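Coordinate inspection notes
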Amino acid sequence: MSLQLARITLREIRMTLREPFEISSGRTTDRRILLLELQDAGGATAWSECVAGERPNYSAETIDTAWLAITEWIAPRVLGMRLGGPDAIDDLLRRGIRGHAMARAAVEMGAWALAAEREGVSLSRLLGGTRTAIATGISIGIQASPHALAEKAGAALARGYRKIKMKIRPGADIEYIAAVRHALGPEAPLMADANSAYTPAHSDHLAELDAYRLLMIEQPLSQDDLRRHAQLQDRLDTPICLDESIPHAAAAEDMLALGAGRIVNVKPGRVGGFRQAKAIHDLCRNHAVPVWCGGMLESGVGRAHNVALASLPNFTIPGDVSPSARYWTEDVVSPEWTMDASGMVTVPVDRPGLGVEVDVDRVDDLTVRTKTLKWRGSG
Ligand code: OSB
Ligand code: MG
């Protein structure tokens, strides 16, 4: 199906998290979220979200670098161009633009949503999704004490979450995980995420986590250190899951070749969009390596994109696609994203595009800056 983008509107909105979220490299309370509204030459529209953070503590990108990259380089590259379909955008944007994956992804994913709208199919089905509900996990930030973490984790398990991910860092790890395992019992589906807080010198220390039978440990070492992840994986019983270290499908191939990890956290924003996310999914499926869909504290717009991706068949591990109320007093979409008591989020397969409506009045209220980029030929 052909696609021609005529207009892209960027908006920065501000949303306060219901509770601060702390990872090894920093704490977030107020989100600055970049939303895009794309319009094609026929007037159809769709929304997407750029997952770049406020500071460069997860990757080099921030909302401000993404705003610049989209306005100066990415939008001018795609606006007005006659494309074979959304599948063509990843290659087009990769040529001549190094990095800026989250900025590229926002446009690429918006184009997929637009194509789904136009075809009258759900984004899930356009991407090749097969699930009608997504098993859901929660990501819990670093807490003040092991006891506080155990309380939070227990409440999450009781609420129905099917995977409990806990952020760790040196000084807030073994004791914390031990307390949770002790409180919740041997069957609780627990994992840890270090966001690159460790070095190979911590190998013995990290091996102590094996005693707590975690589903996986996510991104213990530096993002560009596949070889040392492979060496660490040799030392650990606990599977390593890579997040920051997989910025595109070629890195997933390297992970498999080196044995640097046994699971991949796929975030479409991190890898430049759905085309690469699907490629990583397919590659891992062919190697019997499970994947799951991560989150970046998205609004309901980004969540819609994540839910659609997580409906692909090899997303066999619960995703960080928690319901709207986990993050926000009020989300920007309706209906809001909800999770049932058994920890499942429904994929809106019977509705075209994202499957949720963006509450434009609410977005307007939250908007602090906006910019519209047009194809000159669109009048
Ligand atoms: O490493 O997965 C991560 C949030 C911000 C930056 C990095 C990460 C996260 C999360 C949040 O874990 C998951 C969610 O959106 O619920
Ligand atoms: Mg992570």
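You'll find the structure just up there.
Presented here is a report on the structure given in the accompanying data block. (Residues numbered from 1 in each chain as written. Chains lettered and ligands numbered in written order. Predicted model: local features only at pLDDT ≥ 70, side-chain atom pairs only at ≥ 80, totals over all residues. Heavy atoms only, no water.)

1. Focus: helix α5 (residues 146-159)
The following threshold applies: Think of it this way: any DSSP run of H or I at least four residues long counts as a helix, any run of E at least two long counts as a strand, and we number them from the N terminus. The span you would expect from a helix comes to 1.5 Å times its residue count less one. Here the term buried applies to any residue with accessible area under 20% of the maximum for its type, exposed to any over 50%, and partly exposed to those in between, with areas from a 1.4 Å probe on protein chains only. Picture the helix axis, draw a direction to every C-beta atom, and the arc is the one those directions span. Contacts between residues were defined by any pair of non-hydrogen atoms, one from each residue, lying within 4.5 Å.
With 14 residues, α5 should reach 20 Å at 1.5 Å per residue; the first-to-last C-alpha distance of 20 Å fits that figure. Of the positions making up α5, those classed as buried are Pro146, Leu149, Ala150, Ala153, Gly154 and Ala156. Projection of α5 onto a plane perpendicular to its axis shows the buried side chains occupying an angular sector of 160°, all on one side. Across from the buried face of α5, at angles greater than 90 degrees, the exposed residues are His147, Glu151 and Ala158. Where α5 is buried, its residues touch β5 (137-140), β6 (163-167) and α6 (174-184). With its phi angle positive at about 120°, Gly160 sits one or two positions after the end of α5.

2. Let's talk about the environment of Val78
Examined against the element boundaries, Val78 turns out to sit in helix α1 (residues 63-78). The spatial distance from the C-alpha of Val78 to the C-alpha of Val347 is 29 Å, given a sequence separation of 269 residues.

3. Some details on the environment of Leu373
As for its placement among the helices and strands, Leu373 is situated in strand β15 (residues 367-374). Relative accessible area serves as the criterion here: at 12%, Leu373 is assigned to the buried category. Note: C-alpha distance between Leu373 and Arg7 (366 residues apart in sequence) is 5.6 Å.

4. Here's the deal with the sheet that holds strand β3 (residues 45-50)
Definition in use: Here the rule is simple: two strands pair whenever DSSP picks up at least two bridges between them. All axes here are fitted lines through C-alpha atoms, helices being fitted over the stretch that makes contact, and every angle between N-to-C directions spans 0 to 180 degrees.
Judged by pairing direction, the sheet is antiparallel, and its 4 strands sit side by side in the order β3-β2-β1-β15 without closing on themselves. Lying at the two open borders of the sheet, with one neighbouring strand each, are β3 and β15. Between one strand and the next, the sheet's axes are offset by a mean angle of 25°, whatever the strand orientation. Pairing geometry for strand β2 (residues 26-40) and β3, over 6 bridges, is antiparallel. Directly across from Gln39, in β3, lies its bridge partner Thr45.

5. Digging into the packing of helix α8 (residues 226-235) against helix α9 (residues 249-258)
Threshold: A clockwise turn of the near helix away from the far one marks a right-handed crossing, whereas an anticlockwise turn of less than a right angle marks a left-handed crossing. Nonpolar residues are Ala, Val, Leu, Ile, Met, Phe, Trp, Tyr, Cys and Pro. Charged residues are Asp, Glu, Lys and Arg, and all others, Gly as well, are polar.
Contact geometry of α8 with α9 gives a least axis separation of 9 Å together with a crossing angle of 35°. In the packing of α8 onto α9, the handedness of the crossing is right-handed. Contacts from Leu226, Arg227 and Ala230 of α8 reach α9 at Ala251, Asp254, Met255 and Leu258. Split into classes, the residues belonging to the contact of α8 with α9 amount to 5 nonpolar, no polar and 2 charged.

6. Description of the coordination of the magnesium ion (ligand 2)
Stated formally: Listed donors are limited to N, O and S atoms within 2.8 Å of the metal, widened to 3.2 Å for Na, K and Ca; water is not among them, so incomplete-looking sites are possible.
Protein-derived ligands of the magnesium ion (ligand 2) are Asp193 (OD), Glu218 (OE) and Asp243 (OD), with the metal-ligand distances lying across 2.1 to 2.3 Å. If you list the donors of the magnesium ion (ligand 2) from N- to C-terminus, the spacing comes out as D-x24-E-x24-D. With Glu218 in strand β8 (residues 217-218) and Asp243 in the loop between β9 (240-242) and α9, the pair connects residues that are 25 residues apart, well separated along the chain. Accessibility expressed as a relative area gives 0% for Glu218, which makes it buried. By relative accessible area, Asp243 is classed as buried at 0%.

7. Digging into the nonpolar core
To keep things clear, this is the line we draw: Here, nonpolar core means buried Ala, Val, Leu, Ile, Met, Phe, Trp, Tyr and Cys residues that are tied together by side-chain atoms lying within 4.5 Å of each other.
Ranked by size, the top nonpolar core spans 122 residues in total, and within it Ile8, Leu34, Leu36, Ile70, Ile164 and Ile280 carry the most contacts. The biggest single contributor to this core is helix α3 (residues 101-119), with 11 residues. With sequence-adjacent residues up to four places away left out, Leu36 is seen in contact with Ile8, Thr9, Leu10, Ala46, Trp47, Ser48, Ile70, Ala106 and Val107. Listed in part, the 6 residues of the second largest apolar core include Met191, Met216, Ile263 and Trp292.

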